[in-house]
Amino acid sequence: MKELKQYGLGKNSHLEYVIRLIDTISVYKVRQPVLRKGRPIESCVFEGDELETTVHVGVFIAGELVAVSSFLKNKHDKVLSDCQYQLRGMAVLESFQNKGLGGIMLNYGEQLLKNKLTDVIWCNAREVALNFYKKQGYTIVGEPFDIKGIGSHYTMRKFLI
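Reading guide: rules and limits
Residues numbered from 1 in each chain as written. Predicted model: local features only at pLDDT ≥ 70, side-chain atom pairs only at ≥ 80, totals over all residues. Heavy atoms only, no water. Helix = DSSP H or I, 4+ residues; strand = E, 2+ residues; numbered from the N terminus. Rg over C-alpha atoms; globule rule 2.2 N^0.38 Å. Buried < 20%, exposed > 50% of the residue type's maximum accessible area, 1.4 Å probe, protein only. Salt bridge = Lys/Arg side-chain N within 4 Å of Asp/Glu carboxyl O. Phe/Tyr/Trp six-rings, centres within 6.5 Å; stacked < 30°, edge-to-face > 60°. Contact = heavy atoms within 4.5 Å. Expected span 1.5 Å × (residues − 1). Core = buried A, V, L, I, M, F, W, Y, C linked by side-chain atoms within 4.5 Å. Polar contact = N/O pair within 3.5 Å; in protein donor to acceptor, adjacent residues only side chain to side chain. Pairing = 2+ DSSP bridges. Right-handed = clockwise from strand over helix to strand, strands pointing away.

Asks: With reference to specific residues and values, describe the overall build of the chain.
Replies: Looking only at helices and strands, the chain has 3 helices and 8 strands in total. If you list the helices and strands of the chain from N to C, you get β-β-α-β-β-β-α-β-α-β-β. Computed over the C-alpha atoms, the radius of gyration of the chain is 15 Å, within 12% of the 15 Å expected from 2.2 N^0.38 for a compact globule of 161 residues. Counting only C-alpha atoms, the chain reaches 40 × 35 × 30 Å along its principal axes.

Below is the structure:
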């Protein structure tokens, strides 16, 4: 899937954005201030970021990287599927939140993964993000769990076929 250039973010907005695949190092520039604020940049490095099968997506506004997400080929024991990917590290810079960028990244990533014949995407969603994922068609799998130092999470999945 090539770079996608669009207009219109959020209500009453006419911002131009570009969404495309990005390199691993670029992902950390947005993950750190959003997901690991006050922690060292190394805390943003996730297992699997460098795998050949991992896909990193970025959204740019006026040439600035403002949102990122990563899709890692990874199996979860409660998600029964032969071909599944995990969404990890989705982050939108605070000044660009609530403008629809999360949904845009998910749609883009889902299309990429459909082209790879992926059956299902799953993620470990923070409790505060449950409604966002539900609106995107994700459902909860199993019970809530705690990630030390981060907080309460739920495993969620979305079938792509």
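Asks: Before we move on, could you go through the environment of Cys123 and cite the residues and values that matter?
Replies: Locating Cys123 in the fold gives a position in strand β6 (residues 120-126). Residue class for Cys123 comes out buried when judged on its relative accessible area of 1%. Through-space distance from the C-alpha of Cys123 to that of Glu16 is 28 Å; in sequence the pair is 107 residues apart.

Asks: Break down the pattern of salt bridges for me, citing the residues and quoting the values.
Replies: Within the structure shown, the criterion is met by 2 salt bridges. Note that Asp49 and Arg31 form a salt bridge whose closest N and O atoms lie 2.8 Å from each other. One end of the pair, Asp49, is in the loop between α1 (24-35) and β3 (55-61); the other, Arg31, is in helix α1, with 18 residues separating them in the sequence. Comparing Asp49 with Arg31 shows no difference in burial state: the two are buried.

Asks: Just give me the short version of the packing of aromatic side chains, but keep the residues and values in it.
Replies: For the structure shown, the criterion picks out 2 aromatic pairs. A centroid spacing of 5.0 Å and a plane angle of 75 degrees characterise the contact between Phe132 and Tyr133, whose relative ring orientation is edge-to-face. Taking relative accessible area as the criterion, Phe132 reaches 26% and is therefore assigned partly exposed. A ring pair is formed by Tyr133 and Tyr138, whose centres lie 5.5 Å apart and whose planes are at 70 degrees; its orientation type is edge-to-face.

Asks: Account for the environment of Leu113, naming residues and giving values.
Replies: Relative to the helices and strands, Leu113 is located in helix α2 (residues 101-115). Leu113 gets classed as buried once you look at its relative accessible area, which sits at 1%. Excluding residues that lie within four positions of it along the chain, Leu113 makes contacts with Phe71, Tyr85, Thr118, Ile121 and Leu160.

Asks: Which residues make up α1, and what are the values?
Replies: Helical periodicity: at 3.6 residues per turn, an α-helix aligns residues three or four positions apart in one direction. Taking 1.5 Å as the rise per residue, α1 with 12 residues should run 16 Å; its terminal C-alpha atoms sit 16 Å apart, in good agreement. Residues Thr24, Ser26, Val27, Tyr28, Val30, Arg31 and Leu35 constitute the buried set of α1.

Asks: Tell me about the nonpolar core, and please be specific about residues and values.
Replies: Membership of the largest hydrophobic core comes to 41 residues, with the highest contact counts inside it found for Phe71 and Tyr133. Of the residues forming this core, the biggest block, 7 residues, is contributed by α2.

Asks: Quick rundown of the side chain of Arg31? Include the residues and the values.
Replies: Judged by its relative accessible area of 0%, Arg31 is buried. A distance of 2.7 Å separates a polar atom in the side chain of Arg31 from the backbone oxygen of Cys44. Aside from chain neighbours lying at most four places away, what touches Arg31 is Arg36, Cys44, Val45, Phe46, Asp49, His56, Val68, Ser70, Arg88, Gly89 and Ala91.

Asks: Quick rundown of α2? Include the residues and the values.
Replies: Its 15 residues place the ends of α2 21 Å apart at the C-alpha level, agreeing with the 21 Å of an ideal helix rising 1.5 Å per residue. Along α2, 11 of the 15 residues are buried, which leaves the element largely enclosed by surrounding structure. Once α2 ends, the next one or two residues include Leu117, with phi positive near 60 degrees.

Asks: So what about the pairing of β6? Which residues, and what values?
Replies: The element β6 is largely enclosed, with a buried count of 5 among its 7 residues. Bridge count between strand β5 (residues 84-92) and β6: 4 bridges; the pairing is parallel. Among the inter-strand pairings, Gln84 is bridged to a residue of β6, identified as Val120. Where the polypeptide runs from β5 across α2 and back to β6, its parallel neighbour, the crossover connection is right-handed. As paired elements, β6 and strand β8 (residues 151-159) share 7 bridges and run antiparallel to each other.

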